[in-house]
Amino acid sequence: MRGFLAGTSTEPSRAPRLARWLDGWRQRAGDNPWGTIMVFLTPALLVYLAFTAYPVGRTFYNSVHIIKPRGDDVYVGLDNFVALLTSDATFLKAVGNTMIWAGVAPFLDVGIGLLLALA
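Conventions we followed
- Residues numbered from 1 in each chain as written.
- Predicted model: local features only at pLDDT ≥ 70, side-chain atom pairs only at ≥ 80, totals over all residues.
- Heavy atoms only, no water.
- Helix = DSSP H or I, 4+ residues; strand = E, 2+ residues; numbered from the N terminus.
- Buried < 20%, exposed > 50% of the residue type's maximum accessible area, 1.4 Å probe, protein only.
- Areas by Shrake-Rupley, 256 points an atom, 1.4 Å probe, with all protein chains shown as cover.
- Polar contact = N/O pair within 3.5 Å; in protein donor to acceptor, adjacent residues only side chain to side chain.
- Contact = heavy atoms within 4.5 Å.
- Patch = residues over 30% accessible without salt bridge, like charges linked within 9 Å, V, L, I, M, F, W, Y side chains within 5 Å.
- Salt bridge = Lys/Arg side-chain N within 4 Å of Asp/Glu carboxyl O.
- pLDDT = per-residue confidence, 0-100.

Bringing the overall build of the protein into the picture now. If you tally the helices and strands in the protein, you get five helices and two strands. Seen in sequence order, the protein has helices and strands lined up from the N terminus as α-α-α-β-β-α-α. Across the 119 residues that make up the protein, the buried fraction comes to 7%. Accessible area of the protein: about 10,700 Å², with a carbon and sulfur share of 69%.

Right, dumping it as structure tokens:
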């Protein structure tokens, strides 16, 4: 090992072979940047899938099943949605309040903003 570090080794150096391989790789890549793009994009896509797409899919799965305490799943289809929309007064009141808020709040925000801009 001492000879390799000192540059007096009798073994052929690996550095030129690595340099030739890298040069060949760069030439093959040429003007096509997709390899580099995918190297940087793949980790971001995996994080996105782990923290966004999976929870959305799992939430939909849970919405069409009844999950029992011991982990048993019973498929109920859209029965959960039908029960929510037809017999849950609290949910319907919350939807009504949300619609009122969504209709009134933008006018208040813009109106107060215009008044402050004129002041």
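Glancing now at the side chain of Ser63. Relative to the helices and strands, Ser63 is located in helix H3 (residues 34–63). Given a relative accessible area of 19%, Ser63 falls into the buried group. A distance of 2.7 Å separates a polar atom in the side chain of Ser63 from the backbone oxygen of Phe60. Excluding its chain neighbours within four sequence positions, the residues that come into contact with Ser63 are Gly77, Asn80 and Phe81.

We now examine a nonpolar patch on the surface. Taken together, Trp34, Ile37, Met38, Leu41 and Leu45 make up a surface patch of nonpolar side chains, about 460 Å² in accessible area. Structurally, Met38 can be placed in helix H3. On the accessibility criterion, Met38 (37% relative accessible area) is partly exposed.

With 83% of its residues at a pLDDT of at least 70, the protein reaches an overall mean of 85. Between the elements of the protein, mean pLDDT differs from a low of 54, seen in helix H1 (residues 2–6), to a high of 95, seen in helix H5 (residues 89–118).

Before going further, it helps to spend a moment on the side chain of His65. Looking at where His65 falls in the secondary structure, it is placed in strand S1 (residues 65–67). Residue His65 is classed as buried on the basis of its relative accessible area of 12%. Within the structure, the side chain of His65 is placed 2.7 Å from the backbone oxygen of Tyr61, a separation counted as a polar contact. Residues within four places of His65 in sequence aside, it is in contact with Asp73, Val74, Tyr75, Val76 and Asn80.

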